[in-house]
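Take a look at the letters that make up each chain.
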Amino acid sequence: MTQEQTQAPSAASSGASATERFRSDKKAGASADPERVDLLAREVVGAVHDTIRRHKVTYDEYNALKSWLISVGEDGEWPLFLDVWIEHVVEEVATEHREGNKGTIEGPYYVPDSPDQGARGSLPMRDGETGTPLVWTGKVTSTDGSPLAGAKVEVWHADNDGLYSQFAPDIPEWNLRASFTTDENGDFEITTIRPAPYQIPTDGSCGKLIAAAGWHAWRPAHIHVKASAPGHELLTAQLYFPGDEHNDDDIASAVKPELMLDPQDAGEHQTISYDFVLDPETKAA
Ligand code: MBD
Ligand code: FE
């Protein structure tokens, strides 16, 4: 392999990282109830049968699907596929009871335990990191309006080339990833750069599906965040920028009007203000 080939971000390398990350963090399926598995597996398989009958799916189409499903696993793109096309409905169902902040999907590129910068600070970035500097002030409160001191705000986003550290090669480990802890008034101030729109990898199986169906691969520029505090439900969200051409056709269907920022020009940089309202944990199971 040439130097260039080894260093180019590829679907296979970011997919392998995303698969490994997911397996190391999540204890998926540990508590699956057989009755739920039976019900859900039957309904999903039944929905596929209905589609085959309704559209008279051919053996060629069945074999194309089989071949594609095999390659999604080989490319490590199950986390990407699921988070782009399925997670938004899981998130909708999981958070429909909330009175506080709207959230949205986590996506495949979260990494826990990013470096803590206190209540005010910058995301780690390279010398000369490109992109408009952004200064974000905000407050974390409970649904009753009381400020939450010591709340954790974890932030991660792509760089100006749309690449995430730990999933694309040659980027410092914690680049554009950090955690903040709110002060005694629940306040924080985060300095970063404005991320670029993000195109999901086009050279893997998800890219093949997109090309075969004539779709596009874009997500609007977004800042990922998790806000949490003791006794409160974890909020996972993404924040978006007005005017992005993909706000209305996000491939991951994860944009909500409540998650739109309002950047103000302030000379060389822009300022944003965005607060989080967390729901108290309910005791009822
Ligand atoms: C991303 O950056 C992302 O946020 C989602 C949801 C899917 C793919 C890439
Ligand atoms: Fe993202």
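Here, residues in each chain are numbered from 1, in the same order as that chain's written sequence. Starting at A for chains and at 1 for ligands, labels are handed out in the order in which the entities are written. Confidence filtering applies because this is a predicted model: local features only for residues at pLDDT of at least 70, side-chain atom pairs given and counted only at 80 or more, and all residues used for totals across whole chains, interfaces and linings. The basis for every side-chain value is the complete set of non-hydrogen atoms in the structure, without hydrogens or water.

Naming follows an unreviewed UniProt entry, where the chain appears as Catechol 1,2-dioxygenase of Barrientosiimonas humi. Note on the chain: under the UniProt heading Cofactor (unreviewed entry), the record states "Fe(3+)". UniProt positions are given in the numbering used here, feature names are shortened, and annotations may be inferred rather than shown by experiment. One UniProt comment on the chain, placed under Sequence similarities (unreviewed entry), says "Belongs to the intradiol ring-cleavage dioxygenase family."

S.K.: Could you clarify how one ought to interpret the sheet that holds strand 8 (residues 222-228) in this entry?
M.R.: Strand pairing within a sheet occurs via backbone hydrogen bonds; the two strands may be parallel or antiparallel. Two strands form a pair only when DSSP identifies at least two bridges running between them. Helix numbers and strand numbers start at the N terminus; a helix is a DSSP run of H or I with at least 4 residues, a strand a run of E with at least 2. Reading across the sheet, the four strands line up as 4-3-8-9 and stay open at both edges, with antiparallel pairing between neighbours. Of all the strands in the sheet, just strand 4 (177-181) and strand 9 (235-240) have a single pairing partner and so form its edges. Each neighbouring strand pair of the sheet contributes to a mean axis angle of 20°, computed without reference to strand direction. Pairing analysis gives six bridges linking strand 8 to strand 9, with the strands arranged antiparallel. Its bridge partner lying in strand 9, histidine 222 is registered against tyrosine 240. Fitted lines through C-alpha atoms give the axes, limited to the stretch in contact for helices. The angle between two N-to-C directions lies from 0 to 180 degrees.

S.K.: I would appreciate a short explanation of the environment of histidine 97 in the present structure.
M.R.: Along the polypeptide, histidine 97 turns up in the loop between helix 6 (87-94) and strand 1 (120-122). For histidine 97 and aspartate 279, which are 182 residues apart along the polypeptide, the C-alpha to C-alpha distance reads 9.5 Å. The contact criterion used is simple: two residues touch if any of their non-hydrogen atoms lie within 4.5 Å. With residues up to four places along the chain from it excluded, the contact list for histidine 97 reads Glu233 and Asp279.

S.K.: Mind showing me how you'd approach the packing of aromatic side chains here?
M.R.: By convention here, two paired aromatic rings are described through the distance between centres and the angle between planes. Two aromatic rings, drawn from Phe, Tyr or Trp (for Trp, its six-membered ring), form a pair once their centres lie within 6.5 Å of each other, and the interplanar angle then sorts them: stacked below 30 degrees, edge-to-face above 60, tilted otherwise. Applying the stated criterion to the full structure yields 14 aromatic pairs. Pairing tryptophan 85 with tryptophan 215 gives two aromatic rings, centres 5.9 Å apart and planes at 50°, and the pair type is tilted. Note that tryptophan 85 is positioned in helix 5 (residues 78-85) and tryptophan 215 in the loop between helix 7 (205-213) and strand 7 (218-219), a separation of 130 residues in sequence. Taken together through their ring pairs, the aromatic side chains of Trp68, Trp78, Phe81, Trp85 and Trp215 make up a single cluster. To sit over a ring, a charge needs its Lys NZ or Arg CZ within 6 Å of the ring centre and within 35 degrees of the ring normal. Taking NZ or CZ as reference, lysine 226 lies 4.7 Å from the ring centre of tyrosine 110, over its face.

S.K.: Would you explain helix 2 (residues 11-25) in this entry?
M.R.: Given 3.6 residues per turn, any residue in an α-helix points the same way as the ones three and four places further on. If you check helix 2, its first and last C-alpha atoms are 21 Å apart, about what 15 residues at 1.5 Å a residue would give, namely 21 Å. Exposure is judged per residue with a 1.4 Å probe applied to protein chains only, and the accessible area is read against the type maximum: over 50% gives exposed, under 20% gives buried, and values in between give partly exposed. Every buried residue of helix 2 is listed here: Ala11, Ser14, Gly15 and Ala18. Viewed end-on, helix 2 has its buried residues packed into an arc of 100°, placing them on one side of the element. Exposed residues pointing more than 90 degrees away from the buried face of helix 2 are listed as Glu20, Arg23 and Ser24. On its buried face, helix 2 sits against helix 5. Here, expected helix span is obtained from the residue count minus one, scaled by 1.5 Å. What the arc measures is the spread of directions leading from the helix axis to the C-beta atoms.

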